[in-house]
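A closer look at the structure
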Amino acid sequence: MKRALCPGTFDPVTNGHIDIIERASSIFDELVVSVAKNPEKGGGPLFTLDERCDFIRQAASHLPNVTVRPFDSLLVDLARELDAKVIIKGLRAVTDFEREFQMAQLNYGLDDTIETMFIMSIPEYMYLSSSAVKEIAGFGGSVRGLVPDHVSEKLAERLGRAR
Ligand code: PNS
């Protein structure tokens, strides 16, 4: 049984994330999407941990080997607890590389039995990020096609001006 973790803040999940989750779920027996509480990141998340998890559960409901799990610990500790040997991260443009390389090195230093592996973003989602989505929605722009429809509706509710 090959179990992998796909960690992130997912505030909120984008179609780029979903693409990575779908592709990773076709490689591993089980994929646990691990949603970090991350209260400090960028002044705090827009959506609660429960909301972020529910968005992913709904968007990944067609993938039977995907589960969603919140966490508030070191990622390697969660990996050990769940007996997952692989961390999957999506990699977009080169701008992601430095930060991802740092996280992969740190995690390797903490536990060298857990491998970080990267899945390259498809060109369509290369410059898509949760922050960009929130900015667009916050100024009333359309985020259709960038996030699942149920997320786009919640963004509209939360940010008022979004469509
Ligand atoms: O969506 P992000 O910002 O790429 O996710 C970052 C995340 C949640 C994967 C990272 O912050 C994380 O692993 N946090 C858990 C704490 C931890 O293990 N830190 C040490 C390695 S950086």
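Residues numbered from 1 in each chain as written. Predicted model: local features only at pLDDT ≥ 70, side-chain atom pairs only at ≥ 80, totals over all residues. Heavy atoms only, no water.

1. Focus: helix 6 (residues 149–159)
The α-helix advances 3.6 residues per turn, and as a result positions three or four apart in sequence lie on the same side. His150, Val151, Ser152, Leu155 and Ala156 are the residues of helix 6 that are buried. Of the surrounding secondary structure, the elements contacted by the buried residues of helix 6 are helix 2 (49–59) and helix 5 (130–138). Phi for Gly160, located one or two positions after helix 6, is positive at around 75°. (Buried < 20%, exposed > 50% of the residue type's maximum accessible area, 1.4 Å probe, protein only. Helix = DSSP H or I, 4+ residues; strand = E, 2+ residues; numbered from the N terminus. Contact = heavy atoms within 4.5 Å.)

2. Here we look at the sheet that holds strand 3 (residues 66–71)
Reading across the sheet, the five strands line up as 3-2-1-4-5 and stay open at both edges, with parallel pairing between neighbours. For this open sheet the edge positions go to strand 3 and strand 5 (115–120), each flanked by a neighbour on one side alone. Across the sheet, the mean angle separating the axes of adjacent strands is 30° when strand polarity is ignored. In terms of strand pairing, strand 1 (residues 3–8) meets strand 2 (residues 30–36) through six bridges, oriented parallel. Paired with Gly8 across the strands is Val35, a residue of strand 2. The strands touched by helix 3 (residues 75–82) are strand 1, strand 2, strand 3 and strand 4 (86–91); relative to strand 1, the strand with the most contacts, the crossing angle is about 150°. Relative to strand 4, helix 4 (residues 97–110) is tilted by about 175°, and along the sheet it contacts strand 4 and strand 5. (Pairing = 2+ DSSP bridges. Axes fitted to C-alpha atoms, helices over the stretch in contact; angles between N-to-C directions.)

3. Examining the environment of Lys2
Looking at the secondary structure, you find Lys2 in the segment before strand 1. Considering only alpha carbons, one finds Lys2 and Leu128, 126 residues apart in sequence, at a separation of 29 Å. Leaving out residues up to four positions away in the same chain, Lys2 has contacts with Phe28, Asp29 and Glu30.

4. Some thoughts on the packing of helix 2 against helix 6
Direction vectors running N to C along helix 2 and helix 6 enclose 150°, while the axes themselves pass 10 Å from each other. Considered as vectors, helix 2 and helix 6 are oriented roughly antiparallel to each other. Across from Glu51, Phe55, Gln58 and Ala59 in helix 2, the residues of helix 6 making contact are His150, Val151, Lys154 and Arg158. (Parallel < 35°, antiparallel > 145°, perpendicular 65-115°, else oblique.)

Honestly, it's all geometry; don't read function into it.
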